[in-house]
There are 4 protein chains.
Amino acid sequence: MGAVKTKRMPRAVREQQMLDAAVRIFAQRGYTAASMDDIAELAGVSKPLVYLYLNSKEDLFSAVIRREAGALTAAVRAAVHPERTADRRLWDGLLAFFTHTARHPDAWTVLHLHARTHGEPFAAEVAAMRAETVAFVTQLVAAAARDEGAPCSGGTGSGDTRRVRLAEQEVAGIAEALVGAAESLAAWANSAGRVTARQTAATLMNVAWTGLGGLVAGRSWSPPAE
Amino acid sequence: MGAVKTKRMPRAVREQQMLDAAVRIFAQRGYTAASMDDIAELAGVSKPLVYLYLNSKEDLFSAVIRREAGALTAAVRAAVHPERTADRRLWDGLLAFFTHTARHPDAWTVLHLHARTHGEPFAAEVAAMRAETVAFVTQLVAAAARDEGAPCSGGTGSGDTRRVRLAEQEVAGIAEALVGAAESLAAWANSAGRVTARQTAATLMNVAWTGLGGLVAGRSWSPPAE
Amino acid sequence: MGAVKTKRMPRAVREQQMLDAAVRIFAQRGYTAASMDDIAELAGVSKPLVYLYLNSKEDLFSAVIRREAGALTAAVRAAVHPERTADRRLWDGLLAFFTHTARHPDAWTVLHLHARTHGEPFAAEVAAMRAETVAFVTQLVAAAARDEGAPCSGGTGSGDTRRVRLAEQEVAGIAEALVGAAESLAAWANSAGRVTARQTAATLMNVAWTGLGGLVAGRSWSPPAE
Amino acid sequence: MGAVKTKRMPRAVREQQMLDAAVRIFAQRGYTAASMDDIAELAGVSKPLVYLYLNSKEDLFSAVIRREAGALTAAVRAAVHPERTADRRLWDGLLAFFTHTARHPDAWTVLHLHARTHGEPFAAEVAAMRAETVAFVTQLVAAAARDEGAPCSGGTGSGDTRRVRLAEQEVAGIAEALVGAAESLAAWANSAGRVTARQTAATLMNVAWTGLGGLVAGRSWSPPAE
DNA sequence: TATGAATGAGCGTTCATTCAT
DNA sequence: TATGAATGAACGCTCATTCAT
């Protein structure tokens, strides 16, 4: 499983090998229990080289988080096109998110499970990624309130003047709930196996967009053809 | 912050003090990074006494998880009355859940963040608690499909025969999403401060029951008077 | 295996129970690895009581050694009658020795294996016992030189004037060799099982009295009828 | 007494230094009471280096036993020439044995006193060495019975048909007695000081070959000229 | 006579980190 | 660019021993 012991590689390549190894080890053991020995061995290099390139265990962990958070963020960003409707953008983002986390389960484990477990240096890194995600969702909710129009004719009998009454403060909570649901589902899909990213995204889209009340009442949301 | 150094207490009392200290330390540092020295010091006793009563770090962590998981489960169970409607039961459960996690933030951090990070001995403990929760939610969804009747007259134009079409498999995903959202919200409410359990519960109830689409369309769910 | 937990026993009895337990534990684990907890538990008393009666681990070990060394010495002394011939006295002593060690294997293990392993407090205790044994054997050798007379007519051709030429210094070595052989044989007989004390004594008597050279030449020594 | 603190030595050299230190400490204190700190300090290195090279206390002890048992066995084997007579081979073996144990008293203390005190991992190592020794002696006894011929004409009056009547079972006891005597004598010679290996070997040869009875009757065995 | 409660000191082991080459 | 040699500091755990009753 360890990288083939090739000598005299350019620094950039060696660094990526180390980060690859670090992601695996950190995911399997967690930050504290992971040892620099294990990482160096899996990377196929000596320990001093790891320190030469990455300085310390903290820095190494930070580098891992930055790289993986960046990759995940980029994948989602690339999938969302601003000219589409709000629900379509939400769908595209979720699909990209679940696809990426399914393809990089170790990375997701580190970001979701381990990075938040430890003091300031790392929490900040992850918080930044999360903040972007929450901003993205918040923006979607606002956009949805603009785009979408007609309330359900029945409703609570209050007519269309009610819409867009989402208090600023509540939006944060809603976004947090959505992101939390997505995060949990990503870990669940990875560990349960046998669930595709599309299915996971559709499930979340249904409960998030239509709501439990709507679902049991027969409403549902359908993903675009492909 | 450490407990007052009182001497010669009966075993049962000392044990609870130790568990209290352990919850704090485990929450702040995580299982691996927490040290038995720190726990003993915070509990106001010497390390050997911790070992005499709790046997090992693993056993101590297990005891913490069992105690806290039991307390949380009990709080939720006590709040839910089976003769009420599905949405009312969901509300009651959520409110009890967020109230308890707000009152015991360290316990929730341990259960949510740290306990799942480590191998079989602990994961099983937490998995049991989570399984009960998921079963509770699943049951609610099914009950909702029975209780509630009339679909939104407009809807997607498909009439009332559509309801109850939730595939068995999808229910697992929905429950997971809900539980995940609740878990994340609990941590968020704790860290953000300034958000009451009622508000958190209402937020989740809205997004979960009414859905984002419904919310922007003006529908919303209102908590019972008291 | 532990003594039945009877309360309020006279001190002398309790002390013997503790020594009994200590002999077993010390024999099984050795002095350093044996724990006062184990000994107290096997004795069926609390640890402070052991300290109340025996003061410390060192004192406890000393007490064990003194008791067991005394018992062994007494058994041998009782078996040897000064009015008998030298070889008969040697035989009686050996038989008593092997009989006692076979009946108290744990005691012998402590005396032979563990007591000599540790610094001055204990070595002295055992050395005293050993000194008595060596003196006893030395005396026998001297007595034999007086009692017994005729040299083997062949010999190295040197006639009977040669006898009693055992240098003082050599006698110590001879006694040491005999005692060492006996000690090893005792442990061997205990661990091998299935060898009676009589057989063991006869074996040693043969090799010690007749010598290997004599044995292969057809000489041998026969134990008294019973 | 500790090795001079020389830095940056090749691994093989450091390992031998560690084993040297371990032999001394184990001999002085016994396995359980010896501490890795003491060994590391005497070896002139830090404790982690000892673990890096020798893995654990058990492994270190095993390595010590293997090295010292091998050296002793080799020394004896090199001294014994199969074409010589039985008594000469016995003499050569004993002389080599006492010479080696006199030169390496700590090693002998570990092998004789401490290694047999502890459970399977170590006992096996020593048992192998001892088994070889016993086999060697057994073979000598058998060879002696072949080589040597004429019984002492007097004897116990039983004629020459008596020889070679050593029961298989008894040979094991005789070998054990001889080996035990030798082992004890080695420790005794070391602790008493002032006794040469030649003297010790001669003493044992006399009592073992000629027998106490023979000795007091004027017979004796003389070592070869040089 | 007897014990539940408690601890200072130490041990085997591991880890992040550095030095010298 | 790359590594073999080496360590200070800490951690989980245990033990002989005492205090208060």
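Quantities reported herein were computed from a predicted structural model and do not represent experimental measurements. (Residues numbered from 1 in each chain as written. Chains lettered and ligands numbered in written order. Predicted model: local features only at pLDDT ≥ 70, side-chain atom pairs only at ≥ 80, totals over all residues. Heavy atoms only, no water.)

What follows deals with the protein's contact with DNA strand F. Near DNA strand F there are 36 residues, and of these Arg8 of chain A, Lys47 and Tyr51 of chain B together with Arg8 and Pro48 of chain D occur at the shortest range. The contact in question runs from a phosphate oxygen of DNA strand F to an N or O atom on the backbone of serine 46 of chain A, over 3.1 Å. Within the contact set of DNA strand F, a phosphate oxygen lies 3.4 Å away from a side-chain nitrogen or oxygen of tyrosine 53 of chain A. Listed by contribution, the elements that provide at least two residues to the surface near DNA strand F are helix H3 (47–54) of chain A, helix H3 (47–54) of chain B, helix H3 (47–54) of chain C together with helix H1 (11–29) and helix H3 (47–54) of chain D. Within the surface near DNA strand F, the residues separate by chemical class into 18 nonpolar, 6 polar and 12 charged. (Near = heavy atom within 4 Å. Polar contact = N/O pair within 3.5 Å; in protein donor to acceptor, adjacent residues only side chain to side chain. Helix = DSSP H or I, 4+ residues; strand = E, 2+ residues; numbered from the N terminus. Nonpolar A, V, L, I, M, F, W, Y, C, P; charged D, E, K, R; others polar.)

Bringing the side chain of lysine 57 of chain C into the picture now. All names here are of chain C. As for its position among the elements, lysine 57 is in helix H4 (residues 57–79). Of the side chains with opposite charge, aspartate 38 comes closest to the buried, unpaired lysine 57, at an N-O distance of 9.1 Å. Sequence-distant contacts of lysine 57, defined by excluding residues within four places in its chain, comprise Phe26, Tyr31, Thr32, Ala34 and Met36. (Buried < 20%, exposed > 50% of the residue type's maximum accessible area, 1.4 Å probe, protein only. Lys, Arg positive; Asp, Glu negative; His and termini not counted. Salt bridge = Lys/Arg side-chain N within 4 Å of Asp/Glu carboxyl O. Contact = heavy atoms within 4.5 Å.)

With that out of the way, let us pick up the packing of helix H4 (residues 57–79) of chain B against helix H5 (residues 86–103) of chain B. Helix-helix packing is described using two parameters, namely the angle between the two axes and the distance between the axes. All names here are of chain B. One can describe the packing of H4 onto H5 by two numbers: an axis separation of 8 Å at closest approach and a directional angle of 145 degrees. Here H4 runs over H5; the crossing is right-handed. Contacts from Ala71, Leu72, Ala75, Val76 and Ala79 of H4 reach H5 at Asp92, Gly93, Ala96, Phe97, His100 and Thr101. When the residues that make up the contact of H4 with H5 are grouped by side-chain class, the tally is 7 nonpolar, 3 polar and 1 charged. (Axes fitted to C-alpha atoms, helices over the stretch in contact; angles between N-to-C directions. Left-handed = near helix turned anticlockwise from the far one by under 90°.)

Turning to the packing of aromatic side chains, a few remarks are in order. For any pair of aromatic rings, the description rests on two quantities: the centre-to-centre distance and the angle between the ring planes. Counted by the stated rule, this structure contains 28 aromatic pairs over all chains. Aromatic pair phenylalanine 61 of chain A and phenylalanine 122 of chain A: ring centres 4.7 Å apart, planes at 90 degrees, arrangement edge-to-face. A residue pair is termed long-range when its members are at least 10 positions apart, and phenylalanine 61 of chain A in helix H4 (residues 57–79) and phenylalanine 122 of chain A in helix H7 (residues 120–147) qualify at 61 residues. Aromatic side chains tyrosine 31 of chain D and phenylalanine 61 of chain D sit 4.7 Å apart centroid to centroid with 45 degrees between the ring planes, which places their arrangement in the tilted category. Here tyrosine 31 of chain D, found in the loop between H1 and helix H2 (36–43), pairs with phenylalanine 61 of chain D, found in helix H4 (residues 57–79); they are 30 residues apart in sequence, far enough to count as distant. Residue classification places phenylalanine 61 of chain D among the buried positions, given a relative accessible area of 0%. Members of the aromatic cluster, connected to one another through ring pairs, are Phe26, Tyr31, Phe61 and Phe122 of chain A. (Phe/Tyr/Trp six-rings, centres within 6.5 Å; stacked < 30°, edge-to-face > 60°.)

Around DNA strand E sit 36 residues, and of these Tyr51 of chain A, Arg8 and Pro48 of chain B, Arg8 of chain C together with Tyr51 of chain D come closest. Take the atoms of DNA strand E that sit within 4 Å of the protein: sugar and phosphate atoms are 57% of them. Note that a phosphate oxygen of DNA strand E is positioned 3.0 Å from one of the backbone N or O atoms of methionine 9 of chain C. In this structure, tyrosine 51 of chain D approaches DNA strand E through a side-chain N or O atom, which is 2.7 Å from a phosphate oxygen.

Within helix H6 (residues 105–114) of chain B, 7 of the 10 residues are buried, leaving the element largely enclosed by the surrounding structure. Here H6 of chain B has its buried residues at Ala107, Trp108, Val110, Leu111, His112, Leu113 and His114 of chain B.

Quick look at the confidence of the model for chain A now. Residues and elements named next belong to chain A. Taken residue by residue, chain A gives an average pLDDT of 82. The fraction at 70 or more is 82%. The secondary structure element of chain A with the lowest average pLDDT is H7, at 77, and the one with the highest is H3, at 97. Below pLDDT 50 for its whole length, residues 149–165 participates in 21 contacts with residues either more than four positions away or in separate chains. (pLDDT = per-residue confidence, 0-100.)

Examined against the element boundaries, aspartate 92 of chain B turns out to sit in helix H5. Leaving out residues up to four positions away in the same chain, aspartate 92 of chain B has contacts with Ala79 and Arg84 of chain B.

Backbone geometry places asparagine 55 of chain B, a non-glycine residue, at a positive phi of 75 degrees. Note that asparagine 55 of chain B resides in the loop between H3 and H4.

Any two side chains of opposite charge can pair, given that their charged atoms come close. Residues and elements named next belong to chain C. For the structure on display, the rule yields 48 salt bridges over all chains. A salt bridge links glutamate 132 to arginine 77; its shortest N-O distance comes to 2.5 Å. Here arginine 77 lies in helix H4 and glutamate 132 lies in helix H7 (residues 120–147), a separation of 55 residues in the sequence. Given a relative accessible area of 53%, arginine 77 falls into the exposed group.

This part covers the packing of helix H1 (residues 11–29) of chain C against helix H6 (residues 105–114) of chain C. Residues and elements named next belong to chain C. Remark: H1 packs on H6, axes separated minimally by 8 Å, with the N-to-C direction vectors making an angle of 50 degrees. In this view, H1 runs oblique relative to H6, as classed from their interaxial angle. At the point where H1 passes H6, the crossing takes the left-handed sense. Counted together, Val23, Arg24, Phe26 and Ala27 of H1 and Asp106, Ala107, Thr109, Val110 and His114 of H6 form the full contact between these two elements. (Parallel < 35°, antiparallel > 145°, perpendicular 65-115°, else oblique.)

Residues and elements named next belong to chain A. Secondary-structure assignment places serine 35 in the loop between helix H1 (11–29) and helix H2 (36–43). Exposure remark for serine 35: the relative accessible area of 23% places this residue in the partly exposed category. It is 34 Å that separates the C-alpha atoms of serine 35 and arginine 77, two residues lying 42 residues apart in sequence. Among the polar contacts listed, one links the side chain of serine 35 to the backbone nitrogen of aspartate 38, at a separation of 3.0 Å.

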